[in-house]
Amino acid sequence: MPRISGRALTAARVAAESPVTAGAVRAALKGGLGITALQRLPLGARAAPLPSDHRPLQARASRAPENEEFAPPAAGGPLRTAADIQQALREGRVSPVEVTERALAALEALRGRRPSMNVLAASDVDDVRAQAAASAARYAAGAARGALDGVPVLIKDELDVAGLPTRQGSRCTPEAPKERDGTVAARLRGAGAVILGKTVMTEWGMSPIGANVNLVMPRNPHHPERAAGGSSTGSAVGVALGVAPLAVGTDAGGSIRLPASLCGVFGIKPTYGRVSSKGSLIGGSVTHAGPIGASVADLAAFLDAVASTVDPEDPTTRWAPPPPRGGFSARLRAGVRGLRIGVIDAEWRDASSEVASVCWQALHALEREGAEIVRVLVPLSRSAPAIGYVTVVPEVLAERQEDWLERREVLTDDLRLTLAVGSGLTALEYLDGQRLRTRLREQVAAALREVDVLALPTMGGGAPRYTDADVREGFGDPAAIDALCRFAFLGNLTGLPAGTAPVGVDGEGVPVGLQFMGDAWDEAGVLGVMEYLSRAGIATPLRAPGAVDLLG
């Protein structure tokens, strides 16, 4: 199905919901997204038993390649990091109050830009200022709490923050403010971070493009006629524009990695179960919460703050082993000599030549530093997007059944079209998808027994166009969604940690990300490779036009 908007989008949605025409629309979209082709895979591609749970498969015991020890990351990059801000606070060059006021002023200015670069869905300015004042008092008393005290952060509007509603980008969700923080917000607040507010996102997190007619959404900060990616749109744009060095996103099919890549910053989807989902609208078996940051060290600081201990209110966090000695930053000073990087040739062939070229340049740079490129096979990898679609959409419909059945008229047309098609998936298709998923998990674990990380482009192509008409009317673009998600679902279906690093730009100046996927619970290893690229000047966050400097 081609890109459609306005009346054509409404007509497609009506057809998808009508008993008379739904079958034809569903067949077209299922065929275009590769779902129909799953039925033609050989029986041997399926695992015999259905999975009993979604605990990530650990391929091997932790093993560290031969490494040199490098100096800590230097300050003074294109974007202010949490470490930059902390150093200025400790030295007394600025106060948490000054940093926070600059961030609040920047947020207001971004909303007023044309086209808008708004990143906020909700904020309580009085509470933000109270947080900053409390941090300033701790610094004055010599009692700062750690690496995030006084550092501004943003949180996606899918996780609860006390005093603010959690609406998930939708008019379907109640506006009542939450009485308490979810676990992620509570642990960030406990670490002294200043929570600026909730960030805009695509409706229910179901689009990776970054458009939502319910909200004032930002464009790509590097190209005003391109989308910023989603669904954690505001979080990535906020970091790219310097409003905060760290933002929280969620990821069910690339929703941390895709906008981080398109906005030219770092992001990581941790292992499934590493970060608590208590106090959020996160559901299903593939969605993870995780950070987007101005540096790799910022990502590690987030994980140290929120993922170092089990959350008694989220049973999946009991799967996670303790972090490595030294925390999630344990490998940030490591080299890559002896590192084995797995490449799935069949996957790379599906990337655009421009994206593949930029990403291969980064890999060859690692190879020159002593890493080894190893060809590996994951036969079901090309089916991962289709398996992802037949997993995510039915799980969302099951969780939001009442909204779908009784309040769908307030949902946007593009989301209704997606859900209408998904509602036609049968129980057999969903369960068959889970058998394929189980086999895929086994194949990836087998590959990771041979290598330390897998390397993939973060996405298959560039940023979709995003015009004024798209902002007003909304649009559906299955081909763009498929290209964006092409390499994302492998990490979600397996639950393995996957991070993206900005390694270049395409011909239109839009950033390109390179993705690394590690073994279960090896976030530190993934971050170590990304940090080496950063230290070598290969992965560099891009300062967007009009980005602010929180240190003046």
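Quantities reported herein were computed from a predicted structural model and do not represent experimental measurements.

The rules behind the values
Residues numbered from 1 in each chain as written. Predicted model: local features only at pLDDT ≥ 70, side-chain atom pairs only at ≥ 80, totals over all residues. Heavy atoms only, no water. Phe/Tyr/Trp six-rings, centres within 6.5 Å; stacked < 30°, edge-to-face > 60°. Helix = DSSP H or I, 4+ residues; strand = E, 2+ residues; numbered from the N terminus. Buried < 20%, exposed > 50% of the residue type's maximum accessible area, 1.4 Å probe, protein only. Lys NZ or Arg CZ within 6 Å of the ring centre and 35° of its normal. Salt bridge = Lys/Arg side-chain N within 4 Å of Asp/Glu carboxyl O. Pairing = 2+ DSSP bridges. 1 Å grid on protein atoms, 1.4 Å probe; cavity = no way out; pocket = protein on both sides within 12 Å on 5 of 7 lines; lining within 4 Å. Points joined across faces, edges and corners; volume = space filled by probe spheres on them. Axes fitted to C-alpha atoms, helices over the stretch in contact; angles between N-to-C directions. Contact = heavy atoms within 4.5 Å. Parallel < 35°, antiparallel > 145°, perpendicular 65-115°, else oblique. Nonpolar A, V, L, I, M, F, W, Y, C, P; charged D, E, K, R; others polar. Disulfide = S-S within 2.5 Å.

> I tried to follow the packing of aromatic side chains on my own but got confused; where do I start?
Evaluated as defined, the whole model comprises 4 aromatic pairs. Residues Tyr 389 and Phe 489 carry aromatic rings whose centres are separated by 5.4 Å and whose planes lie at 85° to one another, so their mutual orientation is edge-to-face. Of this pair, Tyr 389 sits in helix H13 (residues 384–399) while Phe 489 sits in helix H19 (residues 489–494), and the two are 100 residues apart along the sequence. Among the residues examined, Tyr 389 registers a relative accessible area of 10% and is labelled buried. Owing to a relative accessible area of 4%, Phe 489 belongs among the buried residues under this scheme. When the ring of Tyr 466 is compared with that of Phe 475, the centres are 6.2 Å apart and the planes differ by 50°; the resulting orientation is tilted. Neither Tyr 466 nor Phe 475 differs from the other in exposure class; each is buried. Above the face of the Phe 475 ring, Arg 3 is positioned so that its terminal group lies 4.0 Å from the ring centre.

> Looking at this model, I keep getting lost on the pattern of salt bridges. Mind explaining?
Pairing between side chains becomes possible if they bear opposite charge and their charged atoms approach one another. In this structure the tally under the stated criterion is 31 salt bridges. The partner of Asp 127 in a salt bridge is Arg 189, and the shortest N-O contact between them spans 3.7 Å. Here the residue Asp 127 occupies a position in helix H6 (residues 125–140), and Arg 189 occupies one in helix H7 (residues 183–190), the gap between them amounting to 62 residues. According to the relative accessible area criterion, Asp 127 is partly exposed, its value standing at 29%. Classification of Arg 189 as partly exposed rests on a relative accessible area of 23%. The partner of Glu 313 in a salt bridge is Lys 278, and the shortest N-O contact between them spans 3.9 Å. Here Glu 313 is found in the loop between helix H10 (296–306) and strand E8 (340–343), whereas its partner Lys 278 is found in the loop between strand E6 (266–269) and strand E7 (288–293), with 35 residues between them in sequence. Classification of Glu 313 as partly exposed rests on a relative accessible area of 43%. Classification of Lys 278 as partly exposed rests on a relative accessible area of 34%.

> What is the right way to look at the pairing of E7 in this model?
Along any regular strand, the residues point their side chains to alternate faces of the sheet. For E7, the buried fraction is high: 6 of the 6 residues fall into the buried class. The sheet contact formed by strand E5 (residues 246–251) and E7 spans 6 bridges and is antiparallel. Bridge assignment links Ala 247 to a residue of E7, and that residue is Ile 292. Examined bridge by bridge, E6 and E7 share 2 bridges and lie antiparallel to one another. Across the sheet, residue Phe 266 finds its bridge partner in E7, namely Gly 293.

> What is the right way to look at empty space enclosed by the protein in this model?
Left-over empty space is what a probe sized like a water molecule reveals as it rolls over the atoms. The tally for this structure, following the rule as stated, stands at 3 cavities of 30 Å³ or more. For the largest cavity, the calculated volume is near 220 Å³. If you go around the largest cavity, you meet 22 residues; those closest to its centre are Glu 158, Trp 204, Ala 252, Thr 287 and Val 396. When residues of the lining of the largest cavity are traced back to their parent elements, those giving at least two are E5 and H13.

> For this particular structure, what's the right way to read the sheet that holds strand E3 (residues 152–156)?
Strand pairing in a sheet relies on backbone hydrogen bonds. The paired strands run either parallel or antiparallel. The sheet built from 11 strands is open, its strands ordered E2-E4-E3-E5-E7-E6-E12-E13-E10-E8-E9 with mixed pairing. Only two strands of the sheet have a single partner each, and these edge strands are strand E2 (120–122) and strand E9 (372–375). Averaged over all pairs of adjacent strands, the angle between their axes in this sheet comes to 35°, without regard to strand direction. By the bridge criterion, 5 bridges tie E3 to strand E4 (residues 194–199) in an arrangement that is parallel. For Leu 154, the partnering residue across the bridge sits in E4 and is Gly 197. Of the strands in this sheet, strand E10 (453–457) and strand E13 (511–518) touch helix H16 (residues 427–448), which is tilted by about 115° from E10. With respect to the sheet, helix H20 (residues 523–535) is in contact with E6, E10, strand E12 (498–505) and E13, its orientation differing from that of E13 by roughly 145°.

> Hey, could you run me through the side chain of Thr 202 in this one?
With respect to the element layout, Thr 202 can be found in the loop between E4 and helix H8 (233–240). Thr 202 gets classed as buried once you look at its relative accessible area, which sits at 1%. The contact partners of Thr 202, leaving out residues within four places of it in the chain, are Gln 168, Ser 207, Gly 210, Ala 211, Asn 212, Met 217, Ser 231 and Thr 233.

> I tried to follow the pairing of E5 on my own but got confused; where do I start?
Extensive coverage of E5 is indicated by the burial of 6 of its 6 residues. Judged by which residues are buried, E5 turns out to be covered on both faces: Leu 246, Val 248 and Thr 250 on one side and Ala 247, Gly 249 and Asp 251 on the other are all buried. Direction of pairing for E3 relative to E5: parallel, over a ladder of 3 bridges. Counterpart to Leu 154 in the pairing with E5 is Ala 247.

> Looking at this structure, how should I read the environment of Ala 82?
In this structure, Ala 82 sits in helix H4 (residues 82–91). Residues Ala 82 and Gly 290 lie 208 residues apart in sequence; the distance between their C-alpha atoms is 16 Å.

> Would you mind showing me how to read unusual backbone geometry here?
What you tend to see is this: most non-glycine residues have negative phi, and most peptide bonds are trans. Omega for the peptide link from Arg 114 to Pro 115 comes to -5°, which places this bond in the cis form. Relative to the elements of secondary structure, Pro 115 occurs in the loop between helix H5 (96–112) and E2. With omega at 10°, the peptide bond leading from Gly 230 into Ser 231 counts as cis. With respect to the helices, strands and loops of the structure, Ser 231 is situated in the loop between E4 and H8. With phi around 70°, Trp 521 is a residue other than glycine that occupies positive phi space. On the secondary structure map, Trp 521 appears in the loop between E13 and H20.

> Explanation requested: the packing of H5 against H6 in the structure shown.
What describes two packed helices is the angle between their axes and the distance between those same axes. At a closest axis distance of 8 Å, the pairing of H5 and H6 adopts a crossing angle of 155°. Classified by the interaxial angle, the pair formed by H5 and H6 is roughly antiparallel. Mapping the contact onto sequence places Pro 96, Val 97, Thr 100, Glu 101 and Leu 104 in H5 and Val 125, Val 128, Arg 129, Ala 132, Ala 133, Ser 135, Ala 136 and Tyr 139 in H6. Residue composition of the contact of H5 with H6, by class: 9 nonpolar, 2 polar and 2 charged.

> I'm lost on the state of the cysteines in this one. Help?
Two cysteines, two sulfur atoms, one covalent bond between them: this is a disulfide. According to the stated counting rule, one finds 0 disulfides in the structure shown. Of the cysteine sulfurs around Cys 359, a residue in no disulfide, the closest is that of Cys 263, at 16 Å. Given the relative accessible area of 0%, Cys 359 is considered buried.

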